[in-house]
Amino acid sequence: MPDKSNLQQMDALLTKLKENQPGTAVVRKKITGAEVLLQCLVAEKVQTIFGYPGGAIMPVYDALYHYADKLNHILVRHEQGAIHAAQGFARASGLPGVVFATSGPGATNLVTGLADALIDSTPVVCITGQVFAHLLGTDAFQETDVVNTTIPVTKWNIQVAEAKDIPAAVAKAFFIATTGRPGPVLIDITKNAQNEIIEAFDYVPCQGISTYRPKPALQFSQVDEALALIKNAKKPYILAGQGVLLSNASEALVAFSEKTGIPVACTLLGLGCFPTDHPNYVGYLGMHGNYAPNVLTNECDVLIGIGMRFDDRVTGNVQKYARQAKIIHIDIDKAEINKIIKVTTFIHADAREALVALTEKSLPAKHTEWLSKFAALSTLEYDKVIKKDIGPDGELRMAEVIHKLSEMTEGKAIVVTDVGQHQMITSRYYKMKDPRTHITSGGAGTMGFSLPAALGAKLAIPGRQVVAVIGDGGFQMTVQELGTIMQYGIPVKILVLNNNFLGMVRQWQQLFHGKRYSFTEMQNPDFVKLAGAYSIRAAKVSERKNLDLALKEMLDSKESYFLEVVVGKEDNVFPMVPGGAGISDILLEEPKAS
Amino acid sequence: MKEEFTLELEAENNFSVLNRIINILNRRRVRIKRMMAHENESDFRRGGVLMLLFTTPDMMERIKDQLEKLIEVDHVAYFSGGRHYEEKSEIVVGAE
């Protein structure tokens with residue numbers, strides 16, 4: 001009796017013979033590596049690609065010419081715009097964003113976006129062209145060591161120098177980008193691999209990698225330990241981060257909070273994961289967050305961090321952070337547990353799985369007195385800050401603009417912010433109701449993020465109002481993407497809050513650097529004319545009486561629309577946790593000069 | 001208080017894995033006193049790294065978590081002191 005290996009060999013031989021018999025042979029089409037790549041992307045159900053062509057990726061663009069019916073390529077105006085657009089697309093849809101760029105400067109222009117996507121856990125797949133394999137290391141034209149350059153800013157990357165290796169690389173890239181804690185990946189493909197002709201192939205999506213365990217199994221012993229702390233808590237408190245959104249755990253979080261009566265605050269990236277109009281919602285937490293959640297972090301007895309990483313903008317001085325509390329940390333990324341804050345116990349798991357298990361096993365409870373403490377401090381914040389912010393006299397203020405925007409859109413738009421004062425104001429005053437409706441650059445703090453990210457978000461969710469809220473500084477960092485908006489008629493709304501300053505830096509200069517406004521005042525162009533040059537309808541408003549109508553016109557427009565609102569030059573964002581201070585030392589107003 | 005640790009790591013033997021490992025240490029300014037990287041004799045697609053590091057116990061634990069996060073890294077272990085490094089490096093050299 002032949003052994004198993006002989007049978008397998010025979011089987012392989014017979015299959016080959018069958019293929020070679022006249023009339024029954026399977027004629028496999030020969031295609032280029034570039035086309036292999038595009039077929040892989042189609043197999044991964046990619047529909048939209050953001051990119052910019054160049055010498056080393058020309059074979060891919062040549063093949064793309066024939067794939068216009070399958071792949072929608074958006075020609076941006078700068079590679080940084082491509083990756084931010086892909087990030088906006090990914091954050092709004094939950095699908096991976098895809099980017100094409102050429103070698104050398106094309107690839108290095110992606111670095112900021114890669115860093116941004118890595119720290120903010122955004123699934124992005126970047127494909128870069130590279131010089132011919134035989135030229136690697138010769139300082140050839142537009143040759144940069146892209147793999148080594150992007151190691152610190154990618155979850156994974158690879159260089160492919162043969163066409164046959166493209167399918168496996170693409171399959172791995174999509175699997176890695178979208179599983180576990182999502183992140184950006186990069187495939188660098190040499191030009192010879194793009195040109196090389198190989199036999200057509202069967203695409204096999206990646207199902208797993210032996211050395212990569214993206215989804216830890218929920219440990220019920222960890223759940224029980226957490227429950228024991230929660231059961232005895234008198235003043236428990238949930239900090240919800242982006243992990244809740246990434247694991248589609250918003251409903252599970254609401255269910256857990258409602259059953260246990262535990263108040264919920266959101267981090268900057270967590271905004272939208274819990275409805276802002278829910279009675280258990282106590283605000284936004286962080287350096288410019290709401291007063292109550294910041295102050296009461298240092299009064300709670302059990303702190304439950306879910307899908308968040310205790311970033312320094314959340315903790316303030318870690319030596320003064322929640323010292324009195326027992327801390328439970330739920331996160332899918334084990335490296336985040338005990339990284340910044342030593343926790344009492346943790347659940348290393350997907351947020352949704354952990355929340356479902358916790359809800360099932362927890363006892364119904366109410367914490368009315370504890371919630372009323374949040375309410376009392378929120379009233380104090382309202383009287384000292386919010387009332388003046390949204391109903392001021394004198395110059396227009398950023399907060400009243402965002403407050404109006406929130407009211408007029410009923411908190412249902414996708415708002416995409418840049419970085420700075422307007423970002424903090426939007427986080428405070430735009431009342432998000434749904435998951436994935438707040439997109440911003442959190443960990444990296446990338447100015448110039450908003451405009452391209454907004455166009456990406458609009459392409460991902462075309463049926464939803466998308467408003468880019470930007471400062472005058474950040475707007476000019478990626479302003480060229482107005483060209484992309486024009487070319488494709490992307491009906492994104494652009495709201496620039498113009499104070500002719502790099503406002504957040506100016507605020508710090510005012511408060512902590514003796515009001516020395518060192519290189520923060522900006523002389524700006526006529527933004528309305530600039531938008532007009534790109535055939536984008538545009539308006540400018542500088543008086544309160546015209547604000548409502550201007551916002552309405554912008555929101556009602558079926559096309560892209562640019563609205564500049566001139567706000568007070570020295571408008572500040574409060575509350576504020578000063579650098580080095582504890583989170584509960586948050587200031588409600590400017591300190592009095594001594 | 002900083003002290004010596006021996007770090008032992010097994011991974012897929014791909015281009016750039018070693019750079020990713022070293023990047024994690026460099027970014028945290030961890031001193032590498034000695035290092036040995038090798039392909040597995042029985043399977044060139046896999047390899048390992050042995051390092052003698054000088055850092056705090058707390059940082060060592062965080063580095064282990066970060067290294068375990070790397071896609072191609074399979075196994076990470078560390079031991080207090082340099083004795084393990086001496087013993088292991090002799091085994092690796094001996095095998096070659």
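Residues numbered from 1 in each chain as written. Chains lettered and ligands numbered in written order. Predicted model: local features only at pLDDT ≥ 70, side-chain atom pairs only at ≥ 80, totals over all residues. Heavy atoms only, no water.

This paragraph deals with the packing of helix α4 (residues 79–93) of chain A against helix α6 (residues 111–119) of chain A. All names here are of chain A. In contact at an axis separation of 8 Å, α4 and α6 are set at 20° when each is read in the N-to-C sense. When the axis of α4 is compared with that of α6, the two are roughly parallel. Counting all contacts with α4, which are made through Gln-80, Ile-83, His-84 and Gln-87, the residues of α6 involved are Thr-112, Gly-113, Leu-114, Asp-116 and Ala-117. (Axes fitted to C-alpha atoms, helices over the stretch in contact; angles between N-to-C directions. Helix = DSSP H or I, 4+ residues; strand = E, 2+ residues; numbered from the N terminus. Parallel < 35°, antiparallel > 145°, perpendicular 65-115°, else oblique. Contact = heavy atoms within 4.5 Å.)

Here the focus is the layout of surface pockets. As a volume, the second largest pocket reaches approximately 790 Å³. Considering the residues around the second largest pocket, the lining is formed by 31 residues, among which Ile-158 and Gln-159 of chain A together with Asn-13, Asn-14 and Phe-15 of chain B are closest to the centre. For the lining of the second largest pocket, the secondary structure elements donating two or more residues are α7 (146–150), β6 (156–160) and α8 (166–178) of chain A. In terms of residues, the lining of the second largest pocket owes the most to one element, β6 of chain A, which gives 5 residues. For the lining of the second largest pocket, the residue count by class is 11 nonpolar, 10 polar and 10 charged. (1 Å grid on protein atoms, 1.4 Å probe; cavity = no way out; pocket = protein on both sides within 12 Å on 5 of 7 lines; lining within 4 Å. Points joined across faces, edges and corners; volume = space filled by probe spheres on them. Nonpolar A, V, L, I, M, F, W, Y, C, P; charged D, E, K, R; others polar.)

Turning our attention to the packing of aromatic side chains. The description of an aromatic ring pair rests on the distance of the ring centres and on the angle between the ring planes. Residue and element names in this part refer to chain A. If you walk through the whole model with that rule in mind, you get 13 aromatic pairs over all chains. Summarising the aromatic geometry, the rings of Tyr-61 and Phe-100 are spaced 5.9 Å apart at their centres and angled 75° between planes, so their arrangement reads as edge-to-face. Placement of the pair is Tyr-61 in helix α3 (residues 58–64) and Phe-100 in strand β4 (residues 97–101), with a sequence separation of 39 residues. You'll find Tyr-61 and Phe-100 in the same group, each marked buried. When the ring of Phe-475 is compared with that of Phe-562, the centres are 5.3 Å apart and the planes differ by 35°; the resulting orientation is tilted. Highlighted residues: Phe-475 in helix α20 (residues 472–475) and Phe-562 in strand β20 (residues 561–566), separated in sequence by 87 residues. Each member of the pair, Phe-475 as well as Phe-562, is classed as buried. One aromatic cluster is present, built from ring pairs that chain together Tyr-237, Trp-370 and Phe-374. (Phe/Tyr/Trp six-rings, centres within 6.5 Å; stacked < 30°, edge-to-face > 60°. Buried < 20%, exposed > 50% of the residue type's maximum accessible area, 1.4 Å probe, protein only.)

This paragraph deals with unusual backbone geometry. Residue and element names in this part refer to chain A. Phe-574 connects to Pro-575 through a cis peptide bond whose omega is 0°. Positive phi values are uncommon outside glycine, yet Asp-139 reaches one of about 60°. Structurally, Asp-139 can be placed in the loop between β5 (124–130) and α7. Phi at Phe-310 takes a positive value of approximately 45°, unusual for a residue other than glycine.

Below, the discussion takes up the sheet that holds strand β16 (residues 438–439) of chain A. Residue and element names in this part refer to chain A. Read across the sheet, 6 strands follow the order β16-β15-β17-β18-β20-β19 without closing on themselves; strand pairing throughout is parallel. This sheet does not close on itself; its edge strands, each paired only once, are β16 and β19 (537–541). Pairing of β19 with β20, which is carried by 5 bridges, proceeds in the parallel orientation. Across the sheet, Val-541 pairs through a bridge with Val-565, a residue of β20. Running at roughly 175° to strand β17 (residues 466–471), helix α19 (residues 450–460) makes contact with β15 (414–417), β16, β17 and β18 (493–498) of the sheet. (Pairing = 2+ DSSP bridges.)

It helps to recall that an α-helix has 3.6 residues per turn; residues three or four apart then point in one direction. Residue and element names in this part refer to chain A. Taking 1.5 Å per residue as the helical rise, helix α10 (residues 220–232) with its 13 residues ought to reach 18 Å, and the 19 Å between its terminal C-alpha atoms agrees with that figure. Within the sequence span of α10, burial applies to Gln-222, Val-223, Ala-226, Leu-227, Leu-229 and Ile-230. The arc that holds every buried residue of α10, seen down its axis, measures 165°, which confines them to one face. The exposed residues of α10 that point more than 90 degrees off its buried face are Lys-231 and Asn-232. (Expected span 1.5 Å × (residues − 1). Arc of directions from axis to C-beta.)

What follows concerns the pairing of strand β1 (residues 3–12) of chain B. Residues and elements named next belong to chain B. Counting buried residues in β1 gives 7 out of 10 residues, a clear majority hidden from the surface. Strand direction decides the pairing type here: β1 and strand β4 (residues 73–80), joined by 7 bridges, are antiparallel. When the bridges of β4 are listed, Leu-7 appears paired with Tyr-78.

This next bit is on the interface of chain B and chain A. Every contact between the two is made by 17 residues of chain B and, on the other side, 23 residues of chain A. Across the chain B to chain A interface the summed buried area is about 1,600 Å²; carbon plus sulfur atoms make up 43%. Here chain B is connected to chain A by 4 salt bridges. Between Lys-342 of chain A and Asp-58 of chain B there is a salt bridge, and its shortest N-O distance comes to 3.0 Å. Taken together, chain B and chain A are joined by 11 residue pairs in polar contact (both at pLDDT 80 or more). Secondary structure elements with two or more residues in the side of chain B that touches chain A: α1 (17–27), α2 (57–69) and β4 of chain B. When its residues are assigned to classes, the side of chain B that touches chain A shows 3 nonpolar, 4 polar and 10 charged. (Buried area = accessible area lost by both parts, 1.4 Å probe. Salt bridge = Lys/Arg side-chain N within 4 Å of Asp/Glu carboxyl O. Polar contact = N/O pair within 3.5 Å; in protein donor to acceptor, adjacent residues only side chain to side chain.)

On to empty space enclosed by the protein. All names here are of chain A. All told, the structure shown has 2 cavities of 30 Å³ or more when counted by the stated rule. Estimates place the volume of the largest cavity at around 50 Å³. Broken down by element, the lining of the largest cavity gets its largest block of residues, 3 residues, from helix α11 (residues 242–246). When its residues are assigned to classes, the lining of the largest cavity shows 4 nonpolar, 2 polar and 2 charged. Forming the boundary of the second largest cavity are Leu-271, Thr-276, Tyr-281, Tyr-284, Asn-290, Ser-427, Arg-428, Tyr-430, Lys-431 and Met-432.

So far we have only geometry, and geometry alone does not tell us how the molecule works.
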